[in-house]
Amino acid sequence: MSALSHFFAMGGYAGYVWPAYAVFFAVLIADSVAPRLRRRRILRDLRGRLARQTARERRSTSSTPAP
Amino acid sequence: MSAPLEHACAAMLRRDLTLAWRRRGDMALPVLYAVIVVVLFPFALGPDLALLQRIAGGLVLVTVLLAMLLALDGMFASDIEDGSLEQLVLAPQPLALMLGMKILAHWITTALPLIVIAPLLAGMLHLPAAAMPALLLALLLATPLLSLLGAVLVALTAGTRRSGMLLALMLLPLCVPVVIFAAGAVAAAQEGLPWFAPVAWLAAALILAVVLAPLACAAALRIALDS
Amino acid sequence: MAKWIPLWLHKLGSPPTFYRFAGAVRPWAMGLALLFGVIGLYGGLVLAPPDYQQGDAYRIIFIHVPSAWMSMFVYAVMGVSGFIALVWRMKLAEVVAMESAPIGAAFAFITLATGSLWGKPMWGTWWTWDARLTSELVLLFLYLGVIGLYHAFEDRRQGARAASFLAIIGVINVPIVHYSVVWWNTLHQGSTVNIFGHSKMPWDMLWPLLAMTLATKCYYAASLCRRARTDILALESGKDWVREIAQAEAAR
């Protein structure tokens, strides 16, 4: 038995130790990814709003001298 | 210019009780719910006398608690709808005292019928007669405590639209000690042990809550209605 | 606000300044968290010897105990900043309180999950109604209640204040729950389990634990910075400085 497989066997408790570490890292990664996605969404929404606003302004300035 | 405080309190109490009496059907709902739950349990567990006896006290307590939770949601609902709660916040009388009266009225209309019917429910589950005084005393102390704690949470959710599930989630951590001590008193009485200590703890908690909960309720209401 | 609060704290209270400050702190905190984490995990999983009673199963302690500490620490931070938010109506305190809640809930969840994974081989059961476990579960419910109340309001600042109030109620509640469950356990003669059977931990088990504790603290700081920055962007989305960030991000 190599040292590495001995390490992964965790003295027979591999079925408990490694899931525990997996939960730890999975939850923390989810916790750090969530705000990143939210930030991207907020900025995208904001850019969309700004684009709509400038488009509306351009339309109103181009249409006012016409009549 | 404002009426004496005791008149205001009495008027508040009378108004809420009159309103509740006009909608007697709603008052019967928690009682009916408690009866249904207690009737269903023997069907699920089998008519084993010893088992039912063992769980009777806790079962009645939890059933009463859930029935109260059912009615808790509507504590301030109609007053928020018609705007009278906002009037109350602006009134010259201390808000905490007025809310205390409202909580008392709510306790009388929802918890008192449940306490009245509790011996019947406990009897259906064959709770020994020796434990009955402990059960009634525990209920008499635990239900106002739950009304007071629940009122603070209801006030916090006053500004939101749907709050039923949220209220249950928020109340659970607060009612754990109440359930432990109330059920502890009944269990001790059932085993023939002295059950004064948990009841005394409940009474102490109730006295604290009577003083603090209306104040917290008023503060919570100001936060939730502030816009 | 009072005069004794130094000027830099006032400045830090303004959202754009805090946004830049948190942005500067975050990489350092995250770097330290990773550094301590790697050291602690190497020490805990490789260097530390197996326990004489529990074998290798005890190695869950290196994530379980730091998470449990953090779940309480984050709650304390949430309670204090919630109190500041209610008393002084500081926007930033509201942000810190509300953005701490998901992190604390994550740590409470990790504590419960790893605890039951540890309990199964050691006590032969996934769950026992022990005071410590029950209090942790109640703590998780408190976190969920705070998060739920915050999101139930349409007005975010109002929701933050209501949820802060709930958090403060919870601060009083947690010790009451803990002691009542202890009393309940003595009444029912429940299983008396003691996770820390040997109170004196040998040094080569202790230092990885301390390293992991530091790692989770630093991680919390980093995560809070990121969440607070995001939340400030959402709160201030009408302001010019946020627009500039949005445009700059689009250009990249």
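Further up the page is the structure itself.
To start, this report covers the structure provided alongside it. (Residues numbered from 1 in each chain as written. Chains lettered and ligands numbered in written order. Predicted model: local features only at pLDDT ≥ 70, side-chain atom pairs only at ≥ 80, totals over all residues.)

### Concerning the overall build of chain B
Turning to step 1, where the next piece is worked out: Helices and strands together make up the secondary structure of chain B, namely nine helices and zero strands.
Turning to step 2, where the next piece is worked out: Secondary structure elements of chain B, listed N to C terminal, follow the sequence α-α-α-α-α-α-α-α-α.
Turning to step 3, where the next piece is worked out: Here the C-alpha atoms of chain B give a radius of gyration of 18 Å, agreeing with the 17 Å that 2.2 N^0.38 yields for 227 residues.
Turning to step 4, where the next piece is worked out: Structurally, chain B occupies a C-alpha span of about 60 × 35 × 30 Å along its principal axes.
Turning to step 5, where the next piece is worked out: Relative to its full complement of 227 residues, chain B shows a buried share of 44%.
Turning to step 6, where the next piece is worked out: For chain B, long-range pairs separated by at least 24 residues make up 82% of all intrachain contacts whose partners lie at least 6 apart in sequence. (Helix = DSSP H or I, 4+ residues; strand = E, 2+ residues; numbered from the N terminus. Rg over C-alpha atoms; globule rule 2.2 N^0.38 Å. Buried ≥ 20, exposed ≤ 12 C-beta atoms within 10 Å, placed from the backbone. Contact = placed C-beta atoms within 7 Å.)

### Here's the deal with the interface of chain C and chain A
Turning to step 1, where the next piece is worked out: The interface of chain C with chain A comprises 32 residues on the first partner and 23 residues on the second.
Turning to step 2, where the next piece is worked out: When contributions to the side of chain C that touches chain A are tallied by element, the ones reaching two or more residues are α4 (91-123), α7 (203-235) and α8 (240-251) of chain C.

### Brief notes about the arrangement of the chains
Turning to step 1, where the next piece is worked out: Once contacts are tallied for each of the two pairs of chains in contact, the highest total is for chains A and C.
Turning to step 2, where the next piece is worked out: No part of chain A reaches chain B; the closest C-alpha pair between them is 22 Å apart.

### Considerations on the environment of B:Ala11
Turning to step 1, where the next piece is worked out: The residue B:Ala11 is located in helix α1 (residues 5-22) in this model.
Turning to step 2, where the next piece is worked out: Distance in space between the C-alpha atoms of B:Ala11 and B:Met101 is 9.5 Å, their sequence separation being 90 residues.

### A short note on the packing of helix α8 (residues 164-190) of chain B against helix α9 (residues 196-225) of chain B
How two helices pack is summed up by the angle between their axes together with the distance between the axes.
All names here are of chain B.
Turning to step 1, where the next piece is worked out: Put simply, α8 and α9 touch, their axes get as near as 8 Å, and they point 155 degrees apart. Relative to α9, the element α8 is oriented roughly antiparallel. With respect to the hand of their crossing, α8 and α9 are arranged in left-handed fashion. Residue-level inspection shows Phe 181, Ala 182, Gly 184, Ala 185 and Ala 188 of α8 in contact with α9, the latter providing Pro 198, Val 199, Trp 201 and Leu 202. (Axes fitted to C-alpha atoms, helices over the stretch in contact; angles between N-to-C directions. Parallel < 35°, antiparallel > 145°, perpendicular 65-115°, else oblique. Left-handed = near helix turned anticlockwise from the far one by under 90°.)

### Some thoughts on the nonpolar core
Turning to step 1, where the next piece is worked out: B:Val60, B:Ala138, B:Val152, B:Ala155 and B:Val186 are the most contacted members of the largest nonpolar core, which totals 161 residues.
Turning to step 2, where the next piece is worked out: Every residue in contact with B:Val152, bar those within four places of it in the chain, is listed here: B:Ala213, B:Ala216, B:Cys217, B:Ala220 and C:Ile169. (Core = buried A, V, L, I, M, F, W, Y, C linked by C-beta atoms within 7 Å.)

### Details of the packing of helix α3 (residues 49-72) of chain B against α8(B)
Residues and elements named next belong to chain B.
Turning to step 1, where the next piece is worked out: Contact geometry of α3 with α8 gives a least axis separation of 9 Å together with a crossing angle of 150 degrees. As judged from the angle between their axes, α3 and α8 are roughly antiparallel. Along this stretch, α3 crosses α8, giving a crossing that reads as right-handed. For the pair formed by α3 and α8, the contact residues are Gly 57, Gly 58, Leu 61, Val 62, Leu 65, Leu 69 and Leu 72 on the first element and Leu 167, Ala 168, Leu 171, Cys 175, Val 179, Ala 182, Ala 183, Val 186, Ala 187 and Gln 190 on the second.
Turning to step 2, where the next piece is worked out: Residue classes in the contact of α3 with α8 are distributed as 14 nonpolar, three polar and no charged. (Nonpolar A, V, L, I, M, F, W, Y, C, P; charged D, E, K, R; others polar.)

### A short note on the interface of chain C and chain B
Turning to step 1, where the next piece is worked out: Taken together, the 24 residues of chain C in the interface contact 22 residues of chain B.
Turning to step 2, where the next piece is worked out: Listed by contribution, the elements that provide at least two residues to the side of chain C that touches chain B are α5 (131-152) and α6 (156-188) of chain C.
Turning to step 3, where the next piece is worked out: Grouping the amino acids of the side of chain C that touches chain B by side-chain chemistry returns 16 nonpolar, six polar and two charged.

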